[in-house]
Each structure stands twice: as structure tokens, then as C-alpha cells.
Amino acid sequence: MPTPPGPAATGPTAPCPDPAAPAKPTAPPPSSPPSSATGYRLVFAVPEFRSVFAAHLLSALGVVVCEIALSVLVYRLTGSPLLSALTFALGLLPYVIGGTLLSAVADRYPARRVLVVCDLLCAGCAAAMVVPGTPVAVLLALRCATAAIAPVFAGTRAATLGDILGEGDLFILGRSLIRIVNQSAQLVGFAAGGLLLAAVTPRTVLAVTAGTFLGSALLLRLGTRARPARRTARGALLGTSLSGTRRLLADRRIRALLLLTWLPPTFVVVPEALLVPYADLLGTGPAGAGLLMCAMPVGAITAETLVGTFLGPRARARLTFPLGVFCVLPSLGFAFRPSLGWAVALLVLTGTSIAYNFGVDRWFVAAVPDELLGQAMTVMQAGRMTIMGLGMGAAGITAEYVPLWVAMPAGGVVGLVSVLLVVAEVRRTRSRGAA
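Residues numbered from 1 in each chain as written. Predicted model: local features only at pLDDT ≥ 70, side-chain atom pairs only at ≥ 80, totals over all residues. Heavy atoms only, no water.

On to the overall build of the protein, then. Scanning the protein from terminus to terminus reveals 19 helices and 0 strands. The proportion of buried residues among the 435 residues of the protein is 54%. When contacts within the protein are restricted to residue pairs at least 6 apart in sequence, long-range pairs at least 24 apart make up 87% of them. Counting every atom, the protein has about 17,800 Å² of accessible surface; 71% of that belongs to carbon and sulfur. (Helix = DSSP H or I, 4+ residues; strand = E, 2+ residues; numbered from the N terminus. Buried < 20%, exposed > 50% of the residue type's maximum accessible area, 1.4 Å probe, protein only. Contact = heavy atoms within 4.5 Å. Areas by Shrake-Rupley, 256 points an atom, 1.4 Å probe, with all protein chains shown as cover.)

Here it is as C-alpha cells:
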């Protein structure tokens, strides 16, 4: 993504050189928002971003509600808690497939076309789930398909924000608003899904989610400009995807920033994955478990909004390393077997650390070649979701053999060491070609 202004390091002056890459196509300049607007208002003043934001709001809610409805449907058809839980796991693990084998799609084809087609494919998968008599294996396969599409959609959308919002701080704030939508969708989506399932059948809810994907596709088609592809690559899509991923991972600066994006969430989800058994340990029941699950998104939304509203680019960049390290520290408090109130407070504090992404986004944009921007964002998203899924699995396995008050802080200890090592590597690579 384009280089934002400010004193933060810009990474190598010529990362991942590719002499054979074609010249970057000329895109229309981003819309200029009114000079009286500031902060997030400045981002919303751009008409195209409003369309992207509304489309993402619809599709994010659709994904969350679809997961809930499909999980309930599978459980009613099979009576198996394992298969029901598997529907959630399948929302994470296929990310690595789409993010690795299809990552070149984000740069190889016009962005608007990719976004609309992804939404239409997700709508088709949700509609196929509605058909009565669909076997459970097919339902799970359709869930895998939507999960494989998700990183391509997310990477393309992230790269498109650079075209829409330009090369400065607007892009960083736009990414922040997308994260706020993701966190809010967890809260609103679970509540809305629960209310819908109390009134109608799971298949009816799945039909509603198909409608949200169609609405998102329509907003993107009518509300955004048609722009040319960033990169006209020859050869098979698979080969282009793998070679582009190798180029990204071969660059030390990009590799370090990817690790800084992936590792903190990996250890943050360790206590999150064990909240249901922890609530049972406290004897608070489903209500307590629900409160614990809401705590981290509440902290994330609050911190993201406050930091994006009241701090400038330099201050946000200076918070990157402290918040990246801090995010794994609250889980150490579970060693003291906190009560429900203290556990909620620890999770809220964990959520506030999401604001470290402001600086990471800024540095990552500066380090990635523009012709690989979409693919880089796809790989980033796919890696994050995949490694989070592995972190949840590791947390569950650990909790099978040791008490919860040991398993939960253990993730914090390992996470602290890992994040400190990655921060040190990012600092070392920052000295190369820093502005």
C-alpha cells in the first residue's frame, strides 16, 4: 500500500524487486473530502468509502449470523456437539488455502469485479445451505468454500482502500473503521442471530444472510469506481500466487511485519478460547460466558475509536510496540483465578491492545510493492485467521491436561517472549532505508 506521511520507518527503499513487473496503471485520484472534516469524519466524507463501509457492515453481519445459524442447523440435524463446533472451526482453517493459492487474484483482476464476485459466491453458498435435505457434509463443504473466499475478499478490499482514500493517514483510519466493524459485528451479529433463531428456522436465517451478501455486492457495484488491475501477470493463477507469496516472505522487513500482525492475536485468543469452561468453573452459567465473550470486543471498539479520534499519526505509531507487547499481559492475571468481574476487566484490557494495528498497517503499507498490495493484504489476513485457529486449538489441547488457571496464563508467558522477539526484529529492519 502507498506510503503514509510521518516519521515512522518506511522500510527498504526497493523491497522485493521485480524488474519484470509491468508499470503501475494510472488510477483516478481519490476523492477529496471537505477540509473542515477531521479524523474519522474525514474518511466518511469520501463517497466511495461510505459504500465500502456499508457493504462491509452487511457482509460482516452476514458472516457472523451465518456461522450461528449453520451451527444450530448442523446440531439439529446430527445432535453432535463436535460437528456443531466444527462449523466455527471451518470458518478459520480454510483461510490458508484461499490466502495462499488464490492470493494473486487481488492484484491480477480489477478490484471491483473481484469484490462483487466474492460476494455473489458467498451469497450462492448461503442460498445452497437453505435447500432442504442438503447433507451435512455438503453444508460443511459450503462453509469451507466461503472461508476460502474470505481472505481474497478482505485483501482486495484492503488494497482498494488505498485507491479510494489515497496514500496518507486516511487509509490508516479507513482500515481502523473496518476493524471496528469486525468487532461490532461479533456483538451485534450474535445478538441478532440469537433473536432471529428464536423466531424463525435456521434455514430462514441462512436465506437472510444470502440477502446481506447480495446487498453488499450491489453497494460495491454501484458505489465504487471501476479500476484496472494492479498487475498484469502471465501464467497460471496458482503459480503466480505462490511466487508472489514467496517474494513477500523473502523480504525481511515484510516478514517481520507479518509476524507482528500474526503473533499477538495468536496468544490473545488463548484465554478467549477457554471462556466457556472458565465461566463453568466460576459457576456463572451461560450468562456469565456471554458476558466474558463480549468483553474483548468492547475493549477493542473503545480503544480503536478513541485512538483514531484523538491521537495523530505520530502518537499512534509510538503506541505500536507497547500495545503489541501489552496485549498478552492481561492473560497472566488468570493465574490468580479472578472472579467474573475481574475476568471481564482483564479481557477488556486485552481488547484495547488492538490499537497496535495502526502502526503496523502504516509500516506494512510502506514496505510492500504496490503491484503486490492486494496479495500482501490477502496473505496477512489469511495468516492471521489461520494462526488464530491454531492458537485456539492449542489452547483447547493444553486445557485437557492442565488446569485453566495454568493454561490461560501460560499462553501469556509464551506470547510475551514471542512478541518481544518479533518487536526486536521489526526494530532491526526499520533501520534499513528508514526515512
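Counted according to the given criterion, the structure contains 10 salt bridges. Arginine 143 is the partner of glutamate 67 in a salt bridge, and the nearest nitrogen-oxygen pair spans 2.7 Å. Note that glutamate 67 is positioned in helix 2 (residues 47–78) and arginine 143 in helix 7 (residues 136–165), a separation of 76 residues in sequence. Each member of the pair glutamate 67 and arginine 143 is classed as buried. Across the pair aspartate 169 and arginine 316 runs a salt bridge, and its minimum N-O distance is 2.3 Å. You can see aspartate 169 sitting in helix 8 (residues 169–199) and its partner arginine 316 sitting in helix 14 (residues 313–318), a full 147 residues away along the chain. Assessed through its relative accessible area of 21%, aspartate 169 is described here as partly exposed. What emerges from the salt-bridge pattern is a single network uniting Arg175, Arg179, Glu304 and Asp361. (Salt bridge = Lys/Arg side-chain N within 4 Å of Asp/Glu carboxyl O.)

This part is about the side chain of threonine 429. Looking at the element boundaries, threonine 429 is found in helix 19 (residues 404–430). A polar contact is formed between the side chain of threonine 429 and the side chain of arginine 253, at a distance of 3.1 Å. Side-chain polar atoms of threonine 429 contact the backbone oxygen of valine 426, separated by 3.0 Å. Dropping the residues within four chain positions of it, threonine 429 is found in contact with Arg252, Arg253 and Ala256. (Polar contact = N/O pair within 3.5 Å; in protein donor to acceptor, adjacent residues only side chain to side chain.)

Turning our attention to the packing of helix 11 (residues 252–273) against helix 17 (residues 357–367). Viewed as axis vectors pointing N to C, helix 11 and helix 17 meet at an angle of 155°, and their least axial separation amounts to 10 Å. The orientation of helix 11 relative to helix 17 falls into the category roughly antiparallel. Both helix 11 and helix 17 take part in a crossing whose hand is left-handed. On helix 17, the residues that touch Arg253, Ile254, Leu257, Leu258, Leu260 and Thr261 of helix 11 are Val360, Trp363, Phe364 and Ala367. For the contact of helix 11 with helix 17, the class distribution of residues is 8 nonpolar, 1 polar and 1 charged. (Axes fitted to C-alpha atoms, helices over the stretch in contact; angles between N-to-C directions. Parallel < 35°, antiparallel > 145°, perpendicular 65-115°, else oblique. Left-handed = near helix turned anticlockwise from the far one by under 90°. Nonpolar A, V, L, I, M, F, W, Y, C, P; charged D, E, K, R; others polar.)

Compared with an ideal rise of 1.5 Å per residue, which puts 13 residues at 18 Å, helix 16 (residues 340–352) spans 19 Å between its outermost C-alpha atoms and is within 8% of the ideal. Within helix 16, burial applies to Ala343, Val344, Leu346, Leu347, Thr350 and Gly351. Considered in projection along helix 16, the buried side chains sweep an arc of 160° and stay on one side of the axis. Contact partners of the buried residues in helix 16: helix 11, helix 12 (275–282) and helix 13 (285–310). (Expected span 1.5 Å × (residues − 1). Arc of directions from axis to C-beta.)

Looking at the secondary structure, you find arginine 175 in helix 8. Not counting chain neighbours up to four residues away, the residues in contact with arginine 175 comprise Ala158, Leu161, Asp361, Met377 and Met380.

Our next topic: the packing of aromatic side chains. Taken as a whole and assessed by the stated rule, the structure comprises 5 aromatic pairs. Judged by centre distance (6.0 Å) and plane angle (40°), the ring pair of phenylalanine 49 and phenylalanine 53 falls under tilted. Taken together, the positions of phenylalanine 49 and phenylalanine 53, both in helix 2 and 4 residues apart, correspond to about one turn of that helix. Taken together, a centroid distance of 5.3 Å and an interplanar angle of 90° make the contact between tyrosine 278 and phenylalanine 334 edge-to-face. With a gap of 56 residues between them, tyrosine 278 in helix 12 and phenylalanine 334 in the loop between helix 15 (320–326) and helix 16 connect regions that are remote in the sequence. Residue classification places phenylalanine 334 among the buried positions, given a relative accessible area of 1%. Here the aromatic residues Phe44, Phe49 and Phe53 are joined through ring pairs into a cluster of three or more. Over the ring of phenylalanine 358 we find arginine 179, and its NZ or CZ is 5.4 Å from the ring centre. Lying across the ring of tryptophan 405, arginine 337 places its NZ or CZ 3.5 Å from the centre. (Phe/Tyr/Trp six-rings, centres within 6.5 Å; stacked < 30°, edge-to-face > 60°. Lys NZ or Arg CZ within 6 Å of the ring centre and 35° of its normal.)

In this structure, arginine 337 takes a positive phi of about 50° despite not being glycine. With respect to the helices, strands and loops of the structure, arginine 337 is situated in the loop between helix 15 and helix 16.

Now for the environment of alanine 126. Mapped onto the elements, alanine 126 comes out in helix 6 (residues 111–130). The class of alanine 126 is buried, set by a relative accessible area of 1%. Once the C-alpha coordinates of alanine 126 and leucine 142 are considered, the two residues, 16 residues apart in sequence, prove to be 7.8 Å apart. Discounting chain neighbours no more than four positions away, the residues touching alanine 126 are Leu206, Thr209 and Ala210.

This part covers the nonpolar core. With 108 residues, the main nonpolar core has Phe49, Leu165, Leu260, Leu292, Phe364 and Val426 as its most contacted residues. No other element matches helix 2, which puts 13 residues into this core. Setting aside chain neighbours within four positions, we find leucine 260 in contact with Phe321, Tyr356, Val360, Val422, Val423 and Val426. Among the nonpolar cores identified, the runner-up in size contains 6 residues, and Leu92, Tyr95, Ala147 and Met385 belong to it. (Core = buried A, V, L, I, M, F, W, Y, C linked by side-chain atoms within 4.5 Å.)

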